[in-house]
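Topology and contacts: notes
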Amino acid sequence: MTEQRWVWGAGLATISQDGTVLDTWFPEPALGRSPEDVDTAQLDALVDDDERRAVRTEVVIVDIDLDAAPTSTSDAYLRLHALSHLLVAPNELNLTGIFAHLPNVAWTNAGPVHPDDLRHLRGSLLRAGIQVQGLDKFPRLTDYVTPVGVRIADASRVRLGAHLAPGTTVMHEGFVNFNAGTVGASMVEGRISQGVVVGDGSDIGGGASIMGTLSGGGAHRVSIGSRTLLGANAGIGISLGDDCVVEAGLYVTAGSKISLASEPPLHDGTHPVVKGVQLSGQNGILFRRNSLTGAIEAVRRAGVGVTLNEALHA
């Protein structure tokens with residue numbers, strides 16, 4: 001085990017009256033093991049009891065082995081922070097069983113609340129101007145991390161644990177799940193599901209969808225290369241290489257029957273047909289639908305797939 005496969009952090013944990021750890025904020029997680037003399041003075045000054053939300057806070061110091069499974073709520077939160085602080089890339093740490101360590105939380109504009117406490121707290125919360133903004137296991141990224149050089153139009157659509165590289169723009173309808181995101185400047189106007197990685201200079205068009213592995217899909221983790229365009233309302237269940245284009249409105253899955261329109265025709269005049277999985281990850285392909293026959297076609301293409309507006313991603 002190398003030192004680089006560990007992450008540590010000093011954090012502030014929020015704990016409900018029944019002892020449930022609701023969340024943990026790690027301001028400055030770092031690679032390696034925690035030193036013997038961790039300075040927690042700034043966090044100590046934030047320790048408090050909040051009777052409005054029936055919670056208290058306490059300082060914790062956590063070390064995690066990135067190759068081992070999560071063991072606690074604070075451990076799970078440190079893994080999500082490590083992703084969002086860009087200390088590790090998606091799919092480079094063990095998240096097995098993470099849902100069991102993330103309690104369902106009532107997220108308010110004043111911080112987390114145990115859902116079971118809402119019944120007797122709701123009146124006083126309303127009088128204090130505290131609103132419930134969500135009920136989920138995952139909080140918003142921007143409540144814990146401010147990613148450098150990133151634009152997020154609607155913070156509620158990006159979860160803690162998203163990996164957003166500098167230059168990334170997430171527009172209002174874009175969504176980025178945990179353990180997913182970008183590794184370079186990208187435009188995100190569609191959905192990036194758990195486990196999906198988008199390369200530098202790529203564009204996920206409005207309403208586009210990328211199949212994840214949390215439910216309904218297979219084990220393949222979809223990736224998108226550099227300078228690739230996933231058109232508006234399009235979708236993929238296979239990986240795309242560099243300089244690819246998927247036509248707007250077209251959904252390509254591993255089982256899709258695709259005509260190789262760039263290949264010489266067969267003796268009957270038709271082009272060879274393959275399944276989508278056979279083209280997964282290949283570079284320089286335009287996926288389109290034939291407007292006369294309705295068949296999905298793959299056409300080899302040269303040059304750059306898409307060029308982003310530099311002013312939008314500076």
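Everything numeric in this text was worked out from a predicted model, so none of it was measured.

Quick notes on the side chain of T40
Summarising the element assignment, T40 is placed in the loop between β3 (30–31) and α1 (41–44). The exposure class of T40 is buried, given its relative accessible area of 14%. Residues in contact with T40, not counting those within four places in the same chain, are A10, V59 and I61.

Details of helix α2 (residues 73–84)
Here α2 contains twelve residues, and its C-alpha end-to-end distance of 17 Å stays within 8% of the 16 Å for a straight helix at 1.5 Å per residue. Those residues of α2 lying buried are T73, S74, D75, A76, Y77, L78, R79, L80, H81, A82, L83 and S84. If you follow the buried residues of α2, they end up packed against β1 (6–16), β2 (21–25), β5 (55–65), β6 (105–108) and β10 (162–163). One or two residues past the end of α2 sits L86, with phi positive at roughly 65 degrees.

A few points about the pairing of β1
Counting buried positions along β1 gives eleven out of eleven residues, so the element sits mostly inside the fold. Residue alternation in β1 divides its side chains into two sets, W6, W8, A10, L12, T14 and S16 and V7, G9, G11, A13 and I15, and both sets are buried. By the bridge criterion, eleven bridges tie β1 to β5 in an arrangement that is antiparallel. If you follow W8 over to β5, its bridge partner there is D63. When β1 meets β3, the two strands line up antiparallel, connected through two bridges. Along β3, the bridge assignment pairs W8 with A30. If you look at the hairpin formed by β1 and β2, you'll find four residues sitting between the two strands, and G19 has a positive phi there, around 95 degrees.

Reading guide: rules and limits
Residues numbered from 1 in each chain as written. Predicted model: local features only at pLDDT ≥ 70, side-chain atom pairs only at ≥ 80, totals over all residues. Heavy atoms only, no water. Helix = DSSP H or I, 4+ residues; strand = E, 2+ residues; numbered from the N terminus. Buried < 20%, exposed > 50% of the residue type's maximum accessible area, 1.4 Å probe, protein only. Contact = heavy atoms within 4.5 Å. Expected span 1.5 Å × (residues − 1). Pairing = 2+ DSSP bridges.

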